[in-house]
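Overview (structure and organization)
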There are 2 protein chains.
Amino acid sequence: MSGLSEFSLIKQYFEKYTVARDDVLLGIGDDCAIVQNKTDQQIAISVDTLVEGIHFSPDADPESLGHKSLAVSLSDLAAMGATPAWFTLALTLPAVDLRWLAAFAKGLANLATQHKIALIGGDTTRGPLSITVQVHGFVDAKQALRRDGAKEGDNIYVSGTLGDAGAGLKLKQSQLNNISGTDTDLMFLQQRLDKPTPRVELGQQLLDIAHSAIDISDGLVADLNHILEKSNLGAQINLEALPISNELLSITGREQAEILALYSGDDYELCFTVRPEKENQLLKNIKENYTKIGMITGGDKTIFTKSGQKIELTGAGYEHFSTEG
Amino acid sequence: MSGLSEFSLIKQYFEKYTVARDDVLLGIGDDCAIVQNKTDQQIAISVDTLVEGIHFSPDADPESLGHKSLAVSLSDLAAMGATPAWFTLALTLPAVDLRWLAAFAKGLANLATQHKIALIGGDTTRGPLSITVQVHGFVDAKQALRRDGAKEGDNIYVSGTLGDAGAGLKLKQSQLNNISGTDTDLMFLQQRLDKPTPRVELGQQLLDIAHSAIDISDGLVADLNHILEKSNLGAQINLEALPISNELLSITGREQAEILALYSGDDYELCFTVRPEKENQLLKNIKENYTKIGMITGGDKTIFTKSGQKIELTGAGYEHFSTEG
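Residues numbered from 1 in each chain as written. Chains lettered and ligands numbered in written order. Predicted model: local features only at pLDDT ≥ 70, side-chain atom pairs only at ≥ 80, totals over all residues. Heavy atoms only, no water.

Some remarks on the interface of chain A and chain B
- Counting residues at the interface gives 72 residues for chain A, matched by 71 residues for chain B.
- In total, about 6,200 Å² of surface goes out of reach between chain A and chain B, with carbon and sulfur atoms giving 56% of it.
- In this structure, the connection of chain A to chain B is made through 4 salt bridges.
- Among the ionic pairs, Arg147 of chain B bridges to Asp30 of chain A, the shortest N-O distance being 3.6 Å.
- Where chain A packs against chain B, one counts 22 residue pairs in polar contact (both at pLDDT 80 or more).
- The element that contributes the greatest number of residues to the side of chain A that touches chain B is strand S3 (residues 42-51) of chain A, accounting for 10 residues.
- Partitioning the side of chain A that touches chain B into residue classes produces 33 nonpolar, 25 polar and 14 charged. (Contact = heavy atoms within 4.5 Å. Buried area = accessible area lost by both parts, 1.4 Å probe. Salt bridge = Lys/Arg side-chain N within 4 Å of Asp/Glu carboxyl O. Polar contact = N/O pair within 3.5 Å; in protein donor to acceptor, adjacent residues only side chain to side chain. Helix = DSSP H or I, 4+ residues; strand = E, 2+ residues; numbered from the N terminus. Nonpolar A, V, L, I, M, F, W, Y, C, P; charged D, E, K, R; others polar.)

Here it is as structure tokens:
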């Protein structure tokens, strides 16, 4: 089911950016693409859909949206330590808006070029705006960073800073109270929401070092819980250690920033666990920013501490189909 | 971007049907699935989206819809001669309707089991109903049936019968005039529309025999045109040779049936070209029904004949974003 008119749309706007790869034997334009796997590598595959009104607003900037559509899937490859190779794009559009399509393609293609990932096929259909991107990457299955690999005593780390995208979303929805900060601070948060950086290189660097990893899409607590559930373990998180950007700090202050760091999603940083003996290896090999925020414990609970004291928290990360609607 | 709540929905309804495969190293439930390719085979990949109101009506039977969602993508693998291996499902739902989901899963899983294709991942999001399925299959790239392989003098064949699904759609939309036929005839056409049979085995059997192939999703004329454009050739089609089912014949008569066979889509039969010297090989190897309907010619036009006379035809297959709206 792949009429020329469907593909010609995609082709027209995307082929000028196409990343050339020797392992793409047949690209866009036939019933299927044909690709060649590396013989000693397995293939990591992930698919994500972004829907207008749910994941982005109707007035979303199309170039940022193109970037984000690929970024959220690349982030899943990052969380496994996989090397990006190919992706497909299923685009459902209410109408053909050439200006929108050109900007969307530009945002998508710039990120694709940066990560040398080739668009190999797709489908364009009419309907309410939604974007489904599926990515494929190479990974050594024995080495891949999985959710179920955490061990008791592992230190817990996160990359970058947390809560920025969540604050950006709340600002957009006018849900942040008592805010201060400069326009530059506000723009930073907006960028973190609209143009997240998938931590692809970091994921690959962690392959020999980390026991487990996940990307933070639904919020630190929600995503760390996936690791804990899969590994049958608990965790202790030191709130004072949570990495908060100066921009977020100056806008919300520390306390509100910590809550955002714990419960808000869309940062696409990595959360990973490493056994203490490997801390030197981490220091030596990882150039990107990362912060130790706690440790994996026995049991099945997550305990939050501040100044050495246990803290009770309530709140929830963003969950699709949550009862809150 | 793959919260547990997204996947748990899919898992709950699909895991009981899951096809066990040794080459799925990590299935649903992590950031990515991990699969193992066969060392001597390439991977054929295709993605299709079905949108409510465009590709199916709001009252569509969910079990049939589950079947069709996978069938249209399997049909693309069939058109390349690929062997199905893995698929992903990105499901956007306005709300969680457990009865709908169970029926949808059943239809999808029954077809998946039949073709030994494993569901390895997906995404479930809230939004207007749409279904994106991406399939992966094994194929020898040198052997794969492509659109650009037709040669002048090739005979043109189609599998099964044509026009049934198109008539089924017109019946549903009360757009067929002067119809006769029994309830059994009507039900047959409905089934052909709702539960198409992807010609996966036929595609594989054609690997050594056919020069080119495509699946008929947009209509014979539209899809044959893709072969002709890619191969820079023309065709001659004998209208009297078009394979029409007895059911369609008894409902519309021959003339209307021929127009449907040429221009209506959704049959998911294969159209393929074979050089005359290989007709014996075709006879010997292919057990499924197929019919010779014409031949590939020089030039770039398609000529239609009836009783040896040239016929002028107008009409258009279903095209997304066509100017007709």
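Read on, since the account is not over.
Describing the pairing of strand S5 (residues 118-126) of chain A
Residue and element names in this part refer to chain A.
- Burial runs high along S5: 8 of the 9 residues are buried.
- Bridge analysis of strand S4 (residues 83-93) against S5 gives 8 bridges, and the strand direction is parallel. Residue pairing across strands places Trp86 opposite Ala118, the latter belonging to S5.
- Read as a crossover between parallel neighbours, the route from S4 over helix H3 (residues 98-114) to S5 is right-handed. (Buried < 20%, exposed > 50% of the residue type's maximum accessible area, 1.4 Å probe, protein only. Pairing = 2+ DSSP bridges. Right-handed = clockwise from strand over helix to strand, strands pointing away.)

Structural notes on the relation of the copies chain A and chain B
- You can overlay chain A on chain B at an RMSD of 0.0 Å; the transform is a turn of 180 degrees with a shift of 0.0 Å along its axis. Both chain copies can therefore be described as sitting about a two-fold axis. It is Thr39 of chain A whose C-alpha, among those of chain A, lies nearest the rotation axis, at 2.9 Å.
- Of the interface residues in chain A, 99% have counterparts in chain B that sit at the interface too, so the contact is made through matching surfaces. (Least-squares fit on C-alpha atoms with pLDDT ≥ 70 in both.)

Let's talk about the pattern of salt bridges
- With the rule as written, the count across this model stands at 30 salt bridges over all chains.
- Here Asp164 of chain A ties to Arg192 of chain A by a salt bridge, and the two come within 3.0 Å at their closest N and O atoms. You can see Asp164 of chain A sitting in helix H4 (residues 164-172) and its partner Arg192 of chain A sitting in helix H5 (residues 183-194), a full 28 residues away along the chain. As far as burial versus exposure is concerned, Asp164 of chain A and Arg192 of chain A are alike and both buried.
- A salt bridge links Glu288 of chain B to Arg199 of chain B, with the shortest nitrogen-to-oxygen separation between them at 3.7 Å.

Some thoughts on the domain arrangement of chain A
Residue and element names in this part refer to chain A.
- One can read the domain layout of chain A as domain 1 (6-140) and domain 2 (147-311).
- The junction of domain 1 with domain 2 conceals about 1,500 Å² of combined surface from both sides, 58% of it contributed by carbon and sulfur atoms.
- Taking the shortest distance from any N to any O, the salt bridge between Lys68 and Asp266 comes out at 3.1 Å.
- Taken together, the links from domain 1 to domain 2 amount to 5 residue pairs in polar contact (both at pLDDT 80 or more).
- Those elements that provide at least two residues to the side of domain 1 that touches domain 2 are helix H2 (62-80) and S4.
- By residue class, the composition of the side of domain 1 that touches domain 2 is 9 nonpolar, 7 polar and 3 charged. (Domains from an automatic or database assignment.)

Notes on the side chain of Asp48 of chain B
- Mapped onto the elements, Asp48 of chain B comes out in strand S3 (residues 42-51).
- One polar contact links Asp48 of chain B to Ser73 of chain B, side chain to side chain, over a distance of 3.4 Å.

Describing the confidence of the model for chain A
All names here are of chain A.
- Per-residue confidence for chain A gives a mean pLDDT of 89; residues scoring 70 or more make up 92%.
- Counting interchain partners and residues more than four positions distant, the pLDDT-below-50 stretch residues 316-325 has 20 contacts.
- Per the prediction output, this complex has pTM 0.90; the corresponding ipTM is 0.89. (pLDDT = per-residue confidence, 0-100.)

Quick word on the packing of H4 of chain A against H5 of chain A
All names here are of chain A.
- Across the interface, H4 lies against H5 with an axial gap of 7 Å and an inter-helix angle of 105 degrees. The orientation of H4 relative to H5 falls into the category roughly perpendicular. Judged by residue contacts, Asp164, Ala165, Ala167, Gly168, Leu169, Leu171 and Lys172 of H4 engage Leu186, Phe188, Leu189, Gln190, Arg192, Leu193 and Asp194 from H5.
- Partitioning the contact of H4 with H5 into residue classes produces 8 nonpolar, 2 polar and 4 charged. (Axes fitted to C-alpha atoms, helices over the stretch in contact; angles between N-to-C directions. Parallel < 35°, antiparallel > 145°, perpendicular 65-115°, else oblique.)

Here's the deal with the packing of aromatic side chains
- A full pass over the atoms with the stated rule returns 10 aromatic pairs over all chains.
- Ring plane angle 85 degrees and centroid distance 5.4 Å describe the contact between Trp86 of chain B and Phe138 of chain B, whose orientation is recorded as edge-to-face. Separated by 52 residues along the polypeptide, Trp86 of chain B in strand S4 (residues 83-93) and Phe138 of chain B in strand S6 (residues 130-139) bring together distant segments of the chain. An identical accessibility class is assigned to Trp86 of chain B and Phe138 of chain B; each is buried.
- Judged by centre distance (5.5 Å) and plane angle (10 degrees), the rings of Tyr157 of chain B and Phe272 of chain B are stacked. Placement of the pair is Tyr157 of chain B in strand S7 (residues 155-159) and Phe272 of chain B in strand S10 (residues 270-274), with a sequence separation of 115 residues. Both residues of the pair, Tyr157 of chain B and Phe272 of chain B, count as buried.
- Counting every residue linked through ring pairs, the aromatic cluster contains Tyr157, Phe272 and Tyr290 of chain A. (Phe/Tyr/Trp six-rings, centres within 6.5 Å; stacked < 30°, edge-to-face > 60°.)

Considering the environment of Thr125 of chain B
- Its place among the elements puts Thr125 of chain B in strand S5 (residues 118-126).
- By relative accessible area, Thr125 of chain B is classed as buried at 0%.

A look at unusual backbone geometry
- Of note, the phi angle at Tyr268 of chain A is positive, near 55 degrees, even though the residue is not glycine.
- Looking at the element boundaries, Tyr268 of chain A is found in the loop between helix H9 (254-263) and strand S10 (270-274).
- Despite not being glycine, Lys116 of chain B shows a phi value in the positive range, around 50 degrees.
- Within the secondary structure, Lys116 of chain B sits in the loop between helix H3 (98-114) and S5.
- Here Lys116 of chain B falls in the exposed class, since its relative accessible area comes to 57%.

Points about the sheet that holds strand S6 (residues 130-139) of chain A
- Strand order in the open sheet formed by 6 strands is S5(A)-S4(A)-S6(A)-S3(A)-S2(B)-S1(B), and the pairing between neighbours is mixed. A strand with exactly one partner marks an edge of an open sheet, and here the two such strands are S5 of chain A together with strand S1 (24-26) of chain B. Averaged over neighbouring strand pairs, the angle between their axes works out to 20 degrees when direction is ignored.
- Along the sheet face, H2 of chain A touches S3, S4 and S6 of chain A together with S1 and strand S2 (33-35) of chain B and points at about 35 degrees away from the line of S6 of chain A.
- The strands touched by H3 of chain A within the sheet are S4 and S6 of chain A, with S4 of chain A carrying the most contacts at an inclination of about 165 degrees.

Focus: H5 of chain A
- With 12 residues, H5 of chain A ought to run about 16 Å at 1.5 Å a step, and its terminal C-alpha atoms sit 16 Å apart, in line with that.
- Buried-residue contacts for H5 of chain A involve H2, H4 and helix H8 (246-252) of chain A. (Expected span 1.5 Å × (residues − 1).)

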